[in-house]
Amino acid sequence: MTVTVERGGRVARGHHGAATRPRRPRTSYALFLLPGFIAFLVVVVVPFLMNTGVSFTDWQGVGSPTWSGLANYRELMDDSEFWASFRHSLFMVVAMAVVPTALGLVLAAALFDFVAQHFGTRTAAVLRACFYLPQVLPIAVAGIVWSWILAPDNGSLNELLKAVGLGSWQQDWLGDPDLALYSVMGVMVWVQIGFPLVVFMAGLQRVDPQLYEAAELDGAGWWRRFWHITLPQIRPEISVVLLWCTIAALKVFGAVYVLTKGGPGGATDVPSYFSFTTFFEKTQVGYGAAISTVLTVIILALALIGLRFQTRAEDAEEGVRV
Amino acid sequence: MTVLRRYPVLAALVIGALFMVLPFAVVAVNAVKSPAEYSAHGPLSLPRGLYLDGLKDFWQRVDFGQKLLNSVLISGSVAVGAAVLSVLNAYAIGIGRIRGRTWVLAFFVLANTLPQEALVYPVYYLSKQAGLYDTRLSVIIVFTVIQAAFGTYLLSSVLGRFPREIVEAARIDGANQWQVLWRIVVPVSRPTIGVLLVFFFIWTWNEFLLPLVMLISNDNQTVSVALGVLQGQRLMDATMTNAAALLGVLPAIVFFLLFQRTLTRGIAAGAVK
């Protein structure tokens, strides 16, 4: 091991053009990776492989699993609950990635080059803090807050509607199967919006102010500047945020658990909640493992695409970097 | 731009911001109302007096002090453990530039995106076998590793840009790798490590799925899990719900005020790098 790493060290030094000086023998840097390597093996790799393995078996969590090949996956294909949960995932992607990114862009641009310029950076910082606040809240707590606000009897939203004379708009926001998914989506937009906003505002600081000044001199209005300067300039941030938020949306669990428990009648079930109930309530461990494996494959595929994209963008930006 | 057009935009943004914090205000207002007042005037009236018995009852009923202690213990241990693990990994990748580091890094990134659903059952099963089920230690171990995946990713890229001359100079002066790490790399990278500590702490504090599965006894539960379970049981009346929400919100607001700068800056750094 020492030999290979020694070689690796020299290769790395070669990049810095200083490979001529003779060096003392050294211990391997790879040793520093050892604790992390063992920890990941035990906590991530082994459980992950076990989960994948179990997905090809029939297992109730006790006794030994019996091999069933692709039976679980075949069953999934015909399981309307499974398809529904992934359909709801797409709604979550809209609520947690698409809408927050779009809103976050407009908000970030408005706060950055409008509020900060005309009303001071402090005002912009305070407003940003307000939008960001829900991000630090445990999702379980956000769920309690919102399920109380959205409660059918005596809930604040319904009371508010009544108070302003829109009593007929009152709804059982989380209990109506046609409405529950949209209510959860609304809550998720509230939860998520701060993240894109903060990232985009930081990204905007990179943009050369001269670009804006030049555009302003050319008579470009706010929207034109937003479209032709802001958007292209912070494209790396936009793609990273979209990717991260999409992955977060596919993993959403706590909000559904606390707000609706997947109900009413499965109207807000999502893959992670579906696998959770299959694991721990129905104790069909093999089937639950199959659900989570499908979810994992989708998420890893997305992550790989994002990783490729990001590496390529970085290479293009700075030339090929080690 | 004219003043006439300026203010509507600001007004719209302020209304948006108010909408974001309104739920917090509504919760705070209702947590200090007595049940009688709540049922007489509903959730939108301002409180007539300060009624703290609801909060006190809730605190005692769920033994909230214990839950806070568990959350602090778990999140604190994870933050420190994960930071140490991240530093060690990133030292090998970013400064040691070990062979195949791109692959090692890709592995950590993928481990970071892995959904916990794909780990939860085996982790649950293995911890039962190891006698660690329903212990705070099990949750600490799992999250130390999971958070370290992100930390390794972030720190590796930071250390990749670490000035090589400093490391080389220390080596020539006879420092071994450990000394270089603890006396030079760690002190210089303190700001990034600080960001990681804050992030790990808050993320672990907010975690839900794995602690929900792993911590079933009352004495071990975190704030998040205890509140989530209570809410899931649908046993709370309005006053209790608001007490629960307020007590859940308060630590988050404290962290937010303490770490606002670190959080907003760190997120930007983490996302783009």
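## Brief notes about the overall build of chain B
Part 1 of the reasoning: Secondary structure summary: chain B contains 13 helices and zero strands in total.
Part 2 of the reasoning: Across chain B, helices and strands are ordered from the amino to the carboxyl terminus as α-α-α-α-α-α-α-α-α-α-α-α-α.
Part 3 of the reasoning: The C-alpha extent of chain B, read off along each of the three principal axes, is 75 × 70 × 30 Å.
Part 4 of the reasoning: For chain B, buried positions account for 59% of its 273 residues.
Part 5 of the reasoning: Counting only carbon and sulfur atoms, one obtains 66% of the accessible surface of chain B, whose full area is about 11600 Å².
Part 6 of the reasoning: Seen as two clouds, the 21 positive and the 12 negative side-chain charges of chain B have centres 12 Å apart.

## Considering the overall build of chain A
Part 1 of the reasoning: Counting secondary structure elements, chain A contains 15 helices and two strands.
Part 2 of the reasoning: Every one of the 322 residues in chain A was classed for burial, and the buried ones make up 52%.
Part 3 of the reasoning: Restricting the contact set of chain A to residue pairs at least 6 apart, pairs at least 24 apart contribute 66%.
Part 4 of the reasoning: Surface summary for chain A: the accessible area is close to 15000 Å², and the carbon and sulfur share equals 64%.

## Observations regarding the interface of chain A and chain B
Part 1 of the reasoning: Facing 101 residues of chain A, the contacting portion of chain B comprises 103 residues.
Part 2 of the reasoning: When the two sides are added together, the surface that chain A and chain B hide from each other amounts to roughly 8900 Å², 76% of it contributed by carbon and sulfur.
Part 3 of the reasoning: For the pair chain A and chain B, the number of links is zero salt bridges.
Part 4 of the reasoning: Broken down by element, the side of chain A that touches chain B gets its largest block of residues, 12 residues, from helix H2 (residues 34–54) of chain A.

## Examining the pattern of salt bridges
Close approach of charged atoms allows side chains with opposite charge to pair.
All names here are of chain A.
Part 1 of the reasoning: In this structure the tally under the stated criterion is three salt bridges over all chains.
Part 2 of the reasoning: One salt bridge in this structure joins Lys-282 and Glu-81, with 3.9 Å as the shortest N-O distance. Taken together, the positions of Lys-282 in the loop between helix H14 (271–280) and helix H15 (285–318) and Glu-81 in helix H4 (residues 80–119) put the pair 201 residues apart, joining distant regions of the chain.
Part 3 of the reasoning: A salt bridge links Arg-225 to Glu-216, with the shortest nitrogen-to-oxygen separation between them at 3.9 Å.

## Points about the side chain of Asp-134 of chain B
Residue and element names in this part refer to chain B.
Part 1 of the reasoning: With respect to the helices, strands and loops of the structure, Asp-134 is situated in the loop between helix H6 (117–129) and helix H7 (136–160).
Part 2 of the reasoning: No salt bridge forms around the buried Asp-134; measuring N to O, its nearest opposite-charge neighbour Arg-136 is 8.3 Å away.
Part 3 of the reasoning: A polar contact of 2.9 Å, which involves the side chain of Asp-134, links it to the side chain of Ser-217.

## As for the nonpolar core
Part 1 of the reasoning: Within the largest apolar cluster, 194 residues are counted, with the highest numbers of intra-cluster contacts made by Tyr-257 of chain A together with Phe-58 of chain B.
Part 2 of the reasoning: Here this core gets 16 residues from one element, more than from any other, and that element is H4 of chain A.
Part 3 of the reasoning: Each of two domains, domain 1 (3–41) and domain 2 (62–272) of chain B, supplies a minimum of three residues to this core.
Part 4 of the reasoning: Those residues in contact with Tyr-257 of chain A that lie beyond four places of it in its chain are Tyr-273 and Phe-276 of chain A together with Phe-208, Leu-212, Gly-228 and Val-229 of chain B.

## Observations concerning unusual backbone geometry
With glycine set apart, most residues show a phi of negative sign, and most peptide bonds adopt trans.
Part 1 of the reasoning: The backbone phi angle of Lys-261 of chain A is positive, close to 50 degrees, even though this residue is not glycine.
Part 2 of the reasoning: With respect to the helices and strands, the residue Lys-261 of chain A is situated in the loop between helix H13 (254–259) and H14.
Part 3 of the reasoning: Its identity as a non-glycine residue notwithstanding, Asp-63 of chain B has a phi of 50 degrees, on the positive side.
Part 4 of the reasoning: Looking at where Asp-63 of chain B falls in the secondary structure, it is placed in the loop between helix H3 (53–61) and helix H4 (64–95).

## Focus: the packing of helix H5 (residues 101–113) of chain B against H7 of chain B
Residue and element names in this part refer to chain B.
Part 1 of the reasoning: Contact geometry for H5 and H7: axes closest at 8 Å, N-to-C directions at 135 degrees. Between H5 and H7, the angle falls in the class oblique. In terms of crossing hand, the pair formed by H5 and H7 is left-handed. Here Leu-105, Phe-108, Val-109, Ala-111 and Asn-112 of H5 come into contact with H7, specifically with Ile-146, Ala-149, Phe-150, Thr-152, Tyr-153 and Ser-156.
Part 2 of the reasoning: Partitioning the contact of H5 with H7 into residue classes produces eight nonpolar, three polar and no charged.

## Looking at a nonpolar patch on the surface
Part 1 of the reasoning: A grouping of Leu-31, Leu-34, Phe-37, Ile-38, Leu-41, Val-42 and Val-46 of chain A is seen on the molecular surface, where their side chains present a nonpolar patch of about 610 Å² in accessible area.
Part 2 of the reasoning: Relative to the helices and strands, Phe-37 of chain A is located in helix H2.

## Section: H4 of chain A
Residues and elements named next belong to chain A.
Part 1 of the reasoning: The largest bend in H4 amounts to roughly 35 degrees and is located at Leu-111.
Part 2 of the reasoning: A side-chain oxygen of the first residue of H4 lies 2.9 Å from the backbone nitrogen of Glu-81; this N-cap is Asp-79.
Part 3 of the reasoning: Positive backbone phi, at 95 degrees, marks Gly-120, one or two positions downstream of H4.

## Observations regarding the side chain of Ser-86 of chain B
All names here are of chain B.
Part 1 of the reasoning: Relative to the elements of secondary structure, Ser-86 occurs in helix H4.
Part 2 of the reasoning: Ser-86 sits in the buried class, given a relative accessible area of 0%.
Part 3 of the reasoning: With residues near it in sequence (within four places) discarded, Ser-86 still touches Ala-148, Gly-151, Thr-152, Leu-155 and Phe-200.

## Observations concerning the domain arrangement of chain B
Residue and element names in this part refer to chain B.
Part 1 of the reasoning: For chain B, the assigned domains read domain 1 (3–41) and domain 2 (62–272).
Part 2 of the reasoning: Taking the mean C-alpha position of each, domain 1 and domain 2 sit 33 Å from one another.
Part 3 of the reasoning: Taken together, the contact pairs nine residues of domain 1 with seven residues of domain 2.
Part 4 of the reasoning: Summed over both partners, the interface of domain 1 with domain 2 buries about 630 Å², with 77% contributed by carbon and sulfur atoms.
Part 5 of the reasoning: Three residues, Phe-24, Val-27 and Ala-31, lead the burial of domain 1 against domain 2; their summed loss comes to 56% of the area buried on that side.
Part 6 of the reasoning: Here domain 1 and domain 2 share zero salt bridges between them.
Part 7 of the reasoning: Between the two partners, domain 1 and domain 2, sit zero residue pairs in polar contact (both at pLDDT 80 or more).
Part 8 of the reasoning: Looking at the side of domain 1 that touches domain 2, the elements that each hand over two or more residues are helix H1 (3–31) and helix H2 (35–41).

Criteria and cut-off values
Residues numbered from 1 in each chain as written. Chains lettered and ligands numbered in written order. Predicted model: local features only at pLDDT ≥ 70, side-chain atom pairs only at ≥ 80, totals over all residues. Heavy atoms only, no water. Helix = DSSP H or I, 4+ residues; strand = E, 2+ residues; numbered from the N terminus. Buried < 20%, exposed > 50% of the residue type's maximum accessible area, 1.4 Å probe, protein only. Areas by Shrake-Rupley, 256 points an atom, 1.4 Å probe, with all protein chains shown as cover. Lys, Arg positive; Asp, Glu negative; His and termini not counted. Charge placed at Lys NZ, Arg CZ, Asp CG, Glu CD. Contact = heavy atoms within 4.5 Å. Buried area = accessible area lost by both parts, 1.4 Å probe. Salt bridge = Lys/Arg side-chain N within 4 Å of Asp/Glu carboxyl O. Polar contact = N/O pair within 3.5 Å; in protein donor to acceptor, adjacent residues only side chain to side chain. Core = buried A, V, L, I, M, F, W, Y, C linked by side-chain atoms within 4.5 Å. Domains from an automatic or database assignment. Axes fitted to C-alpha atoms, helices over the stretch in contact; angles between N-to-C directions. Parallel < 35°, antiparallel > 145°, perpendicular 65-115°, else oblique. Left-handed = near helix turned anticlockwise from the far one by under 90°. Nonpolar A, V, L, I, M, F, W, Y, C, P; charged D, E, K, R; others polar. Patch = residues over 30% accessible without salt bridge, like charges linked within 9 Å, V, L, I, M, F, W, Y side chains within 5 Å. Bend = angle between axes of the 7 residues up to and from the residue.

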